[in-house]
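Architecture and fold: a report
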Amino acid sequence: MPVPSRASRRTIGAVMFAAAAAAIALAPSGAEAHAILEASTPAAGASVGAGNVAIELRFNSRIDKGRSRLVLVKPDHSEAKLPIAQDGPPEKLRTSAALTPGAYDLRWQVLAIDGHITRGDVRFDVTDH
Ligand SMILES: [Cu+2]
């Protein structure tokens, strides 16, 4: 292999530096990789009709569904752990529940791909139709 000239070595060095800088810029920091809730059904503060209610939470990153939890606090303040569907898009948690009228609080806890847990809740109302 021919020895690179001084000029081409400098060029190679510049390209490698640029590639390294780009890799650092693109690497997600821990904070950015945390799962943040982007949208939910029912939406926070929404009112939905009684019956079988489809529940879906969409996050900003892939989550470990097997190590995430959904707990529904019912109008009588009792809590029910909801089964999480293991199929579907990796950034969504989906389940459903048969709900009677009243105020509900859906508490979520998710494990993001960076190994960090985040949690929060979505309050909504179920009304009689
Ligand atoms: Cu994190």
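Everything below is about the structure printed above this text.
Model, not experiment: these values are computed from the prediction. (Residues numbered from 1 in each chain as written. Predicted model: local features only at pLDDT ≥ 70, side-chain atom pairs only at ≥ 80, totals over all residues. Heavy atoms only, no water.)

Regarding the pattern of salt bridges
As a reminder of what qualifies: One speaks of a salt bridge when a side-chain nitrogen belonging to Lys or Arg is within 4 Å of a carboxyl oxygen belonging to Asp or Glu. For helices the rule is a DSSP run of H or I covering at least 4 residues; for strands it is a run of E covering at least 2, with both sets numbered from the N terminus onward. Only protein chains enter the area calculation, which uses a 1.4 Å probe; residues under 20% of their type maximum are buried, those over 50% are exposed, and those in between are partly exposed.
Under the counting rule described, the total for this entry stands at 7 salt bridges. Here Lys92 makes a salt bridge to Glu56, at a shortest N to O gap of 3.5 Å. Here Lys92, found in strand 6 (residues 92-99), pairs with Glu56, found in strand 3 (residues 51-59); they are 36 residues apart in sequence, far enough to count as distant. On the basis of relative accessible area, Glu56 is assigned to the partly exposed category, the value being 24%. A salt bridge links Glu79 to Arg107; the shortest N-O distance between them is 3.6 Å. Taken together, the residues span a long stretch of sequence, with Glu79 in strand 5 (residues 79-81) and Arg107 in strand 7 (residues 102-112) at a distance of 28 residues. Since its relative accessible area comes to 54%, Glu79 is described here as exposed. Residues joined by salt bridges that share partners form a network here, namely Glu79, Asp105, Arg107, Asp121 and Arg123.

Any functional reading would require information beyond the geometric quantities listed.
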